[in-house]
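Spelled out, the chains give:
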Amino acid sequence: MKKDLEYLLELGWAYWKSQVVFTGVELGIFELLKEGGKEPADVAAGFSLRRRTQPKGCGYKGGKESTEIARRLGTDPRAMEMFLNALVSLRLLSKRANRYQNTSVASRYLVRGAAAYQGDRIHHLHNIWPRWEKLQESVRTGRSALEEKEDEKPDPQRVRDFMTAMHNYAQMKAKTLLKRLNVRSFRRLLDLGGGPGTYAIAIARKNPRLTAVVYDLAHNLEIAREFIKGAGLEDRVTTQVGNFLEEELPEEAFDAILVSNVLHIYDPPTNISILKKCRKALQPGGRVVIHDFLLDESGTGPLYPVFFSLNMLLGTCSGACYRGAEMKEWLFTAGFSGIKTRFLDKDSAVIIGIRG
Ligand SMILES: C[S@@+](CC[C@H](N)C(=O)[O-])C[C@H]1O[C@@H](n2cnc3c(N)ncnc32)[C@H](O)[C@@H]1O
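How each quantity is defined
Residues numbered from 1 in each chain as written. Predicted model: local features only at pLDDT ≥ 70, side-chain atom pairs only at ≥ 80, totals over all residues. Helix = DSSP H or I, 4+ residues; strand = E, 2+ residues; numbered from the N terminus. Rg over C-alpha atoms; globule rule 2.2 N^0.38 Å. Buried ≥ 20, exposed ≤ 12 C-beta atoms within 10 Å, placed from the backbone. Domains from an automatic or database assignment. Contact = placed C-beta atoms within 7 Å. Nonpolar A, V, L, I, M, F, W, Y, C, P; charged D, E, K, R; others polar. Axes fitted to C-alpha atoms, helices over the stretch in contact; angles between N-to-C directions. Parallel < 35°, antiparallel > 145°, perpendicular 65-115°, else oblique. Left-handed = near helix turned anticlockwise from the far one by under 90°. Near = placed C-beta within 6 Å. Pairing = 2+ DSSP bridges. Core = buried A, V, L, I, M, F, W, Y, C linked by C-beta atoms within 7 Å. Expected span 1.5 Å × (residues − 1). Arc of directions from axis to C-beta.

A. Expanded view of the overall build of the protein. Looking only at helices and strands, the protein has 15 helices and 12 strands in total. Computed over its C-alpha atoms, the radius of gyration of the protein comes to 23 Å, within 12% of the 21 Å expected for a compact globule of 356 residues. Expressed along its principal axes, the backbone C-alpha trace of the protein runs to roughly 70 × 50 × 40 Å. Taken over 356 residues, the protein has a buried fraction of 33%.

B. Broad picture of the domain arrangement of the protein. Split into domains, the protein comes out as domain 1 (2-117) and domain 2 (121-355). At the interface, six residues of domain 1 touch five residues of domain 2. Each residue belonging to the side of domain 1 that touches domain 2 can be placed in one class, and the counts come to five nonpolar, no polar and one charged.

C. Molecular detail of the packing of helix α1 (residues 2-27) against helix α7 (residues 119-127). Interhelical geometry of α1 versus α7 gives an angle of 125° and a closest axis separation of 9 Å. If you check the angle between α1 and α7, you find them oblique. The two elements α1 and α7 meet at a crossing, and its hand is left-handed. Contact residues: α1 offers V21, F22, V25 and E26, while α7 offers G119, I122, H123 and H126. Counted by class, the contact of α1 with α7 contains four nonpolar, three polar and one charged residues.

D. View of the site of the ligand. The local shell around the ligand holds 17 residues, among which A170, G193, G195, S260 and N261 are the closest. Partitioning the shell around the ligand into residue classes produces seven nonpolar, nine polar and one charged.

E. Inspection of unusual backbone geometry at higher detail. Here the bond from G301 into P302 is cis, since omega is -10°, no more than 30 degrees from zero. Looking at where P302 falls in the secondary structure, it is placed in the loop between β9 (282-295) and α14 (303-315). Of note, R91 is a non-glycine position whose phi angle comes to about 65°, a positive value. Tracing the backbone shows R91 in the loop between α5 (77-89) and β3 (93-96). For R91, a count of 16 C-beta atoms within 10 Å translates into the label partly exposed. Of note in the backbone geometry, N261 takes a positive phi value of approximately 50° without being a glycine.

F. Region of the structure containing the pairing of strand β11 (residues 336-343). Here β11 pairs with strand β12 (residues 348-355) via six bridges, running antiparallel. Note that in β12 the partner of R342 across the bridge is V350. Between β11 and the antiparallel strand that follows it, β12, lie four residues.

G. How the structure looks around the nonpolar core. Counting residues in hydrophobic clusters, the biggest one holds 63 residues, and the most contacted among them are L189, I257, V259 and V289. If near-sequence neighbours (up to four positions away) are discounted, I257 is found in contact with L190, L192, C278, A281, L282, V288 and V289. Membership of the second largest hydrophobic core comes to 15 residues, among which are L87, L93, Y109 and L110.

H. Representation of α5. When the terminal C-alpha atoms of α5 are compared, their 19 Å separation across 13 residues agrees well with the 18 Å that a helix rising 1.5 Å per residue should span. Looking only at α5, the buried set comprises M80, L84 and L87. Along α5, the residues classed as buried sweep out an arc of 55° about the axis, all on the same side. Facing away from the buried side of α5, by more than 90 degrees, are the exposed residues R78, A79 and M82.

I. Examining the environment of H126 more closely. Structurally, H126 is set in helix α7. Residue classification places H126 among the partly exposed positions, given that 16 C-beta atoms sit within 10 Å. It is 20 Å that separates the C-alpha atoms of H126 and T75, two residues lying 51 residues apart in sequence.

J. Quick look at the environment of I223. Here I223 shows up in helix α12 (residues 218-230). Each residue touching I223, except ones within four places of it in the same chain, is listed here: R160, M163 and P196.

K. Focus on the pairing of strand β7 (residues 237-241). Here strand β6 (residues 211-216) pairs with β7 via five bridges, running parallel. The partner of V213 across the bridge, within β7, is T238.

The structure is reproduced here in structure tokens:
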């Protein structure tokens, strides 16, 4: 009984935790504490087993005291100590002899510059907070919570935030994606709605004989070009500005098309028309690869796609997450055969169709 009540009440206050993580990332706490060195081995080893409070350790000088952290970040000392203790309770910091350090999770994912950095993604989740406050209204009306008019130029900082968040996410997933696809057989790839171009870059790295085009709206491609340049792949990965809803794609120009995390933005008839365009743009025998979150048959799981579907209700005109069977049906309707599904993890899969 008590567990049920705890569970219920935690659902009510879980957003306090979200705000603590957002604030920790945005204040730059984890970068500051990187200067303090690694957490002690005994603390790192016990990460998943114990809470992060180890007040003994006389003479311990690793990490930083809350007063120093407050001074360096220009924050209120009393508030900072309360806040740091909350980060300890979330196991993002450890505390020993009143000194705070990053735990292994924070060091790995929340320090800018780390290979697996996810801070931009956390910041993006904060950016979309106002949308989620309108959930009740969206459920009542069925309409999204979007306020930006379609003809308004997107705010450049918001575009950068979104692109870097997608890049954080895609970098984590690219390894698994590459294991599920035989990308060495591809010669010319279209990364449709490629955003930051992370997957095109990863595929081009794996297959030195491949050339790729990242196709997206103009404002997103400025950032994709930075990532392509950073990867040193400008000679093989190019960009193409376009709107695939309004324009045709070049005919029979590619032997592979990746449609990654794009179809959840649109409704089923639009998705069928996008896939028909992909079919025309593929050479005979070419493959379209849908990569997306997948709902189970009941539509009630897995947890992340179920919530991501609500995120699409709030953030798009007609998007949602879909079941694998629906996507297969769209591929079939668009004229693809040999349709296969390969799961990347419990939440997402690639569904591959061949142009006959
Ligand atoms: C969720 S992001 C996915 C980005 C990338 N494919 C990935 O998986 O990391 C969706 C991308 O599709 C692009 N997109 C959506 N509709 C588009 C359209 N009509 N024409 C061109 N690009 C579009 C968006 O601009 C955005 O970059």
